[in-house]
Amino acid sequence: MDRREFLLGSALAALPAFAKSGAPYGSPESHAGRIRIAHLTDPQFGFDWTPQDNEAKYAADLARFESAVARVNDIKPDLVLITGDMTHKAEDLARDWPRLLGMFKVPVVVAPGNHDMGQMVSKENRDRYLSVFGSDYQSLDVKGWRVIVGNTQFWYKTELVDEQLKYEEWLKAELEKAKLYGGRVILAGHIPPFAHAFDEGNSYENYPKEGREARLLAYRNAGVKFYICGHTHRMSMHGYKDLVILNAETTSLNFDRRPFGFRLFDAVDECDWSYKFVNV
Ligand SMILES: [Fe+2]
């Protein structure tokens, strides 16, 4: 076991709610309310350290994502969740995504990332995003679970202040409704509430510290048990009290040197769940 595996193992051991796996794929065993979500994140076509290689990298990232789509279609989850940064440059969003969305044989929902909306959310970027993906926040019922998919860029700078307020109101109402689901609630967004510790300072990788803990408490009060996210390009499993925060491998660039791929989240309830790696 190398140091990286050891550290990951320690992190998993420290998680209070990390639990036994569900039934293997294709098993005849079925649970009422069992949900399986393929979690893909940060496809970010064209993300490279060397700008001159963007086009070649775009093609490689795209090909890898197409392989991921084929794996997802084989697995047949209940839902595909892609947690943002769909392309490296927002202008490229409409280039391949309409075609790619049509390749999935299961329902797909997308949470927008900073590369999609911009560090300063603009009308131009948001309109482009909406024209490709339909909506930038939504909620849905899947197998008795409430899945709330948010636009975390509204926590940061935006030209669209009215839209930001509308989003805050919507999320508040959604969390209120979610209380009826008795803890079968999954929240998804591009940015994680925190990257390492809930009280860490502001950085590129987390929610603004001001209001962060209040948001986490509001999630827990609504019965949210899982927060599924991306952005850091590192696989991680964190906990805030009984809220589990999951971040998957990408298909573009993994800063923790994990292999390319995605995760299959499989849950019966808050105690019986798994988050398995699928290599691409
Ligand atoms: Fe990001």
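Scoring rules and cut-offs
Residues numbered from 1 in each chain as written. Predicted model: local features only at pLDDT ≥ 70, side-chain atom pairs only at ≥ 80, totals over all residues. Heavy atoms only, no water. Pairing = 2+ DSSP bridges. Helix = DSSP H or I, 4+ residues; strand = E, 2+ residues; numbered from the N terminus. Axes fitted to C-alpha atoms, helices over the stretch in contact; angles between N-to-C directions. Contact = heavy atoms within 4.5 Å. Salt bridge = Lys/Arg side-chain N within 4 Å of Asp/Glu carboxyl O. Buried < 20%, exposed > 50% of the residue type's maximum accessible area, 1.4 Å probe, protein only. Donors = N, O, S within 2.8 Å, 3.2 Å for Na, K, Ca; no water. Tetrahedral: all angles 85-135°; square planar, octahedral: opposite > 155°, others 65-115°. Polar contact = N/O pair within 3.5 Å; in protein donor to acceptor, adjacent residues only side chain to side chain. Arc of directions from axis to C-beta.

## Comments concerning the sheet that holds strand S9 (residues 243–247)
Pairing between the strands of a sheet is mediated by backbone hydrogen bonds and can be parallel or antiparallel.
Logical step 1: With mixed pairing, the six strands of this open sheet are ordered in space as S4-S5-S6-S7-S9-S8. The open sheet has two free edges, formed respectively by strand S4 (138–142) and strand S8 (236–240), since each of these has just one partner strand. Neighbour-to-neighbour, the strand axes of this sheet turn through a mean angle of 20°, independent of strand direction.
Logical step 2: As paired strands, strand S6 (residues 185–188) and strand S7 (residues 224–229) are joined by four bridges and run parallel to one another. Along S7, the bridge assignment pairs Leu187 with Tyr227.
Logical step 3: Contacts from helix H6 (residues 161–178) reach S4, strand S5 (145–149), S6 and S7, with the element oriented near 170° to S5.
Logical step 4: On the sheet, helix H7 (residues 212–221) packs against S6, S7, S8 and S9 and is oriented at approximately 85° with respect to S8.

## Things to note about the pattern of salt bridges
Logical step 1: The full count for this structure, using the stated rule, is 24 salt bridges.
Logical step 2: The partner of Asp266 in a salt bridge is Arg34, with the nearest N and O atoms 2.6 Å apart. Of the two residues, Asp266 sits in strand S10 (residues 261–267) while Arg34 sits in the loop between helix H1 (3–13) and strand S1 (35–40), which places them 232 residues apart along the sequence. For the pair shown, Asp266 and Arg34 are each scored as buried.

## Quick notes on the coordination of the iron ion
Logical step 1: For the iron ion, the full set of protein donor atoms is Asp85 (OD), Asn114 (OD1), His190 (NE2) and His231 (ND1), at a range of 2.1 to 2.2 Å.
Logical step 2: Classification of the site at the iron ion rests on its four donor atoms, whose angles at the metal span 84 to 166°, yielding the label irregular.
Logical step 3: Sequence spacing of the donors to the iron ion: D-x28-N-x75-H-x40-H. Here His190 is found in the loop between S6 and H7, whereas its partner His231 is found in the loop between S7 and S8, with 41 residues between them in sequence. Across this residue pair, the class does not change: His190 and His231 are buried.

## Digging into the environment of Ser252
Logical step 1: Locating Ser252 in the fold gives a position in the loop between S9 and S10.
Logical step 2: As for Ser252 and Gly46, which are separated by 206 residues in sequence, their C-alpha atoms are 8.0 Å apart.
Logical step 3: For Ser252, the residues in contact, after removing those within four places along its chain, are Asp42, Pro43, Gln44, Phe47, Lys57, Asp61, Arg64, His233 and Phe260.
Logical step 4: At a separation of 2.8 Å, a polar atom in the side chain of Ser252 contacts the main-chain carbonyl oxygen of Asp42.

## Considerations on H7
Logical step 1: Considered for burial, the residues of H7 that qualify are Arg212, Leu216 and Tyr219. Axial view of H7: buried residues confined to an arc of 60°, hence all on one face.
Logical step 2: Those residues of H7 that are buried lie in contact with H6, S6, S7, S8 and S9.
Logical step 3: One or two positions beyond H7, positive phi appears at Gly223, with a value near 85°.

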